[in-house]
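# Structure assessment
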Amino acid sequence: MNPLNRLESHFVACAATVVATTLVGTSNADVVYSGVVNIPVQANIDGCYLNVETGVYVNGPGSGAPGWDVNPYGTSTTAVSLYAATGTGYMRNPGAGTSTARTRLDADTSIDVASFFYGSSSATIGTLVGQWSANASGIFGFKFLAADGLVHYGWLRMSMGANAATRTIVDYAYDTIPATGVRAGVGGGPPPAYDPCATFNPVLAFGANNFTINMTAIDLSIPGAFTIHNANYFKATIPWAGDYKIDTCASGADTRLAILDGCAPGSNVLATNDDYCGLSSSITGAMAAGQVIYAVVGGTSPGAALPVPLTITVTAPPPPPSPECAAAIVATFGSNYFDNASATLNQPILAGTLATTIYKSSWFSFTPSVTGMYTFVTCGSVNDTKLAIGTVCPGVGLVFSAFAYNDDSCACLSGCGVALFSSSLNPTNTGVPLTQELVAGTMYKILVGGYSAPTLPTSGDLVIDGPPQTPVCPGDYNGDQVRDGADLATLLSAWGTPDGDITGDGLTDGTDLTTLLSGWGPCPL
């Protein structure tokens, strides 16, 4: 099976604008009909605020949809709360008595000044008159104060998933003549069929995904394999190459599973499975970075009951290391210049329980030749720095696990006033102190960067101090485990001074050059 790109859970839940179209409607009024809009409604305290006249809706605070008229909201799996703005409200089903929780109307029900009670209500799943059904759509009626300051009437069709936590505004309509009313569902079309490519369909994320299954979806027949009944499509984009596993094992349900390269008819089938873990399904295969796939899940027979919710688990391979960390500059014992003016990486870190971000990050690696206590400082830097150390490069886009971290420790050279905004790692630094010994031969990753975003570029010297180093590889000045042109350049730049002395005679000269050249190439293990 081919690749699958980054599996991150995203529901379409952002501000959008819908343009309504005017149609000839009921017998007693002209009707403005929205067309099919399929607006997803968040299952939280905000829900979706919709202005039916402008078509503007916001999944979030109502201030984003000025003059909003309807607001389905709430976290319940059995009911959707319906909030009404001042002077407006939702109509109860005429046969529901005084119940405020029965708002589902029969098609062609009159919604006007003579209709039965308007106010804040709810759409509750159940079997009583006026209650709603799972995996189906229903219509509620409402009145609202239009932009003309007068009362108008409308209807809105809302679909429910396997429970009320999945809800979508399908379409809606309202009268253009004040106080004349509309009839439920009149002036619009039928609810749309399940769309495998709909942008509001749930998206697969790493780990366990608990989804409602739309039991009105069409079947998918796979020649030479089987038919998936009520086939639901879940999109995934693979972030990095490797073997991925997608399964319904945790659900214990009798499912069928296929992986397709698209959601449209005729898409290629990449893999299929029926019974792998008991009656549940599982597929494992190699995926390529950036590939978009659709996991298609459903039952083994028409109308087969599946649990609510159904668990679909995605297991991903370990991510590749951050390329910036993998290409870290080799730091030497002593002073190492840094300048993050061109850096773009904002790296999240976790040091113990302390979570933060180091902005415009620069990576160094350091391999001590002697086990002992070390310090790392950026004192005298230009602008405010942060500093962290760990042993493992983070995966692409993931958190760097650090065992020591500091923000403010010592004075800057400039850009910080008189404050102690440069950084230091030692046994007593604030943040997470560096209290452990570094082990000889172990490569450590050091992260240097700025305090905030946006942040001023930081520059200065990362100074590494600790036990005197034993030259385990004479002539390997930069510690990259190979003696090459970079080391030769260092030696020549130190010629005639003690700085590049290899032989211990206090001078960088021909004997040091001979030593370097005689060991040219990789250092011995």
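Look up a bit, the structure's there.
The structure presented is a predicted model; accordingly, all values stated were derived computationally and were not measured.

This part takes up the sheet that holds strand 30 (residues 375–377). Strands sit in the order 27-36-30-34 across an open sheet of four strands; the sheet is antiparallel. Single-partner strands in this sheet number two, and they are strand 27 (334–339) and strand 34 (424–425). Taken together, the three bridges between strand 30 and strand 36 (residues 459–465) define a ladder with antiparallel strand orientation. Across the sheet, residue Phe376 finds its bridge partner in strand 36, namely Ile464.

Let's shift gears to unusual backbone geometry. Here Asn38, not a glycine, exhibits a phi torsion of approximately 45°, which is positive. For Asn38, a relative accessible area of 21% gives the class partly exposed. One non-glycine residue, Asn383, adopts positive backbone phi at about 75°. By the element assignment, Asn383 lies in the loop between strand 30 and strand 31 (385–390).

In this section: the pairing of strand 15 (residues 167–175). Counted residue by residue, strand 15 has nine buried out of nine residues, so it is predominantly covered. Note that strand 3 (residues 31–33) and strand 15 share three bridges and pair antiparallel. When the bridges of strand 15 are listed, Tyr33 appears paired with Ala173. Two strands pair when backbone bridges link them, and strand 4 (residues 39–41) and strand 15 are joined in this way by three bridges, in the antiparallel orientation. Note on strand 15: the bridge partner recorded for Val41 is Arg167. Here strand 14 (residues 151–160) hands over to strand 15 after six residues, the two strands then running antiparallel side by side.

What follows covers the sheet that holds strand 24 (residues 292–299). Strand pairing in a sheet relies on backbone hydrogen bonds. The paired strands run either parallel or antiparallel. What the five strands build is an open sheet, ordered 18-19-24-21-22; its pairing is antiparallel. Here the strands that pair on one side only, and so sit at the sheet edges, are strand 18 (220–222) and strand 22 (269–273). Across this sheet, the average inter-strand angle for adjacent strands is 35°, counted without regard to direction. Pairing of strand 18 with strand 19 (residues 226–237) involves three bridges; the strand directions are antiparallel. By the bridge assignment for strand 19, Leu220 is matched with Ile228.

Membership of the largest hydrophobic core comes to 26 residues, with the highest contact counts inside it found for Leu50, Phe140, Phe142, Leu156, Met158 and Ile169. Of all the elements in the fold, those that place two or more residues in this core are strand 4, strand 8 (79–84), strand 13 (136–145), strand 14 and strand 15. Residue contacts for Met158: discarding those within four places in its chain leaves Pro72, Val80, Ala123, Trp132, Ala136, Ser137, Gly138, Phe140, Arg167, Thr168 and Val170. Among the nonpolar cores identified, the runner-up in size contains 18 residues, and Ile213, Ile259, Ile293 and Val314 belong to it.

A separate point is the state of the cysteines. Applying the stated rule across the entire model yields six disulfides. Shown here is the disulfide that connects Cys473 with Cys523, its sulfur atoms set 1.8 Å apart. Here the S-S torsion is close to -85°, and the disulfide linking Cys473 with Cys523 is therefore left-handed. Of this pair, Cys473 sits in the loop between strand 36 and strand 37 (482–483) while Cys523 is found in the segment after strand 38 (521–522), placing the two residues 50 residues apart along the sequence. Numbered by position along the chain, the disulfide-linked cysteines of the protein connect as 1-3, 2-4, 5-7, 6-8, 9-10, 11-12.

What counts and how
Residues numbered from 1 in each chain as written. Predicted model: local features only at pLDDT ≥ 70, side-chain atom pairs only at ≥ 80, totals over all residues. Heavy atoms only, no water. Pairing = 2+ DSSP bridges. Helix = DSSP H or I, 4+ residues; strand = E, 2+ residues; numbered from the N terminus. Buried < 20%, exposed > 50% of the residue type's maximum accessible area, 1.4 Å probe, protein only. Axes fitted to C-alpha atoms, helices over the stretch in contact; angles between N-to-C directions. Core = buried A, V, L, I, M, F, W, Y, C linked by side-chain atoms within 4.5 Å. Contact = heavy atoms within 4.5 Å. Disulfide = S-S within 2.5 Å.

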